[in-house]
Each structure stands twice: as structure tokens, then as C-alpha cells.
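# Chain and residue survey
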Amino acid sequence: MDLRRRRLRELATFFVLAFGIWPIVAVGVVGGYGFLVWFYQILNGPPGPHGG
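Keep in mind that this is a model prediction, so the values were computed, not measured.

Another point: the overall build of the chain. A count of helices and strands for the chain gives 1 helix and 0 strands. Taking 10 Å as the expected radius of gyration for a compact globule of 52 residues, we find that the chain reaches 22 Å, considerably beyond that expectation. C-alpha extents for the chain along the principal axes are approximately 75 × 15 × 10 Å. Counting across all 52 residues of the chain, residues that qualify as buried make up 0%.

Put into C-alpha cells, the structure is as follows:
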């Protein structure tokens, strides 16, 4: 019985990580990177040739 309970707990932990925590972390990382690029472009202008 102990092995079955451990397996269920392990499976529940996997589902919480796979469908709960990691998607939130992924969205945070991508959003943070997008914010950094946006802020960099606010300070230095968009990429490309300079007008002249």
C-alpha cells in the first residue's frame, strides 16, 4: 500500500509541476525577456540603420 501511495503522490507532483508551475515560469521568462528588449529599445531606439 505504501508503494501505491508513493506513486500517486509522485504522479500528482509531476502534474503540478508540468501543468502548473513550469508554464508560469516559462511565461515569466519570456515576458521578462520581452520587457528587457522593449526597455532597451526605449533607451537606444529600434534596431536598424540610422537615418541620415
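From this point, the narrative continues.
Together, Val16, Leu17, Ile21, Trp22, Val25 and Val29 line one region of the surface with nonpolar side chains, adding up to about 550 Å² of accessible area. Topologically, Val29 is positioned in helix α1 (residues 2-44).

Moving on, we get to the packing of aromatic side chains. Under the defined criterion, the tally for this structure stands at 4 aromatic pairs. Measuring from ring centre to ring centre gives 5.4 Å for Phe14 and Phe15, while their planes differ by 65 degrees; the resulting arrangement is edge-to-face. In this structure Phe14 comes out as partly exposed when scored by relative accessible area, which is 49%. What makes Phe15 partly exposed here is its relative accessible area of 42%. Counting every residue linked through ring pairs, the aromatic cluster contains Phe14, Phe15 and Phe19.

For the rest of this paragraph, the subject is the environment of Ile21. Topologically, Ile21 is positioned in helix α1. Separated by 10 residues in the primary sequence, Ile21 and Gly31 place their C-alpha atoms 15 Å from one another.

To continue, consider the environment of Pro46. In this structure, Pro46 sits in the segment after α1. Overall, the relative accessible area of 66% leaves Pro46 in the exposed class. A sequence separation of 41 residues divides Pro46 from Arg5, and the C-alpha atoms of the two residues are 56 Å apart.

Rules used throughout
- Per chain, residue numbering runs from 1 following the sequence as it is written.
- Where local features are concerned, this predicted model is filtered to residues with pLDDT of at least 70; where side-chain atom pairs are given and counted, the filter is 80 or more; whole-chain, interface and lining totals use all residues.
- Working from all heavy atoms in the structure, the side-chain values ignore hydrogens and water.
- Helix and strand definitions here come from DSSP, where helices need a minimum of 4 consecutive H or I residues and strands a minimum of 2 consecutive E residues; each element is numbered from the N-terminal end.
- Here the radius of gyration uses the C-alpha set of atoms, whereas the globule reference equals 2.2 Å times the residue count to the power 0.38.
- Burial classes: relative accessible area under 20% of the type maximum marks a residue as buried, over 50% as exposed, and values in between as partly exposed (1.4 Å probe, protein chains only).
- Like-charged residues within 9 Å of one another, or nonpolar side chains (Val, Leu, Ile, Met, Phe, Trp, Tyr) within 5 Å, are grouped into patches, provided each residue has over 30% relative accessible area and no salt bridge.
- Residue-level accessible areas treat just the shown protein chains as cover; the underlying method is Shrake-Rupley with a 1.4 Å probe.
- In what follows, salt bridge is the name for a side-chain nitrogen of Lys or Arg lying within 4 Å of a carboxyl oxygen of Asp or Glu.
- Note on ring pairs: Phe, Tyr and Trp rings are taken, using the six-membered ring of Trp, and paired if centres are within 6.5 Å. Classes follow the plane angle, with under 30 degrees stacked, over 60 edge-to-face and the rest tilted.

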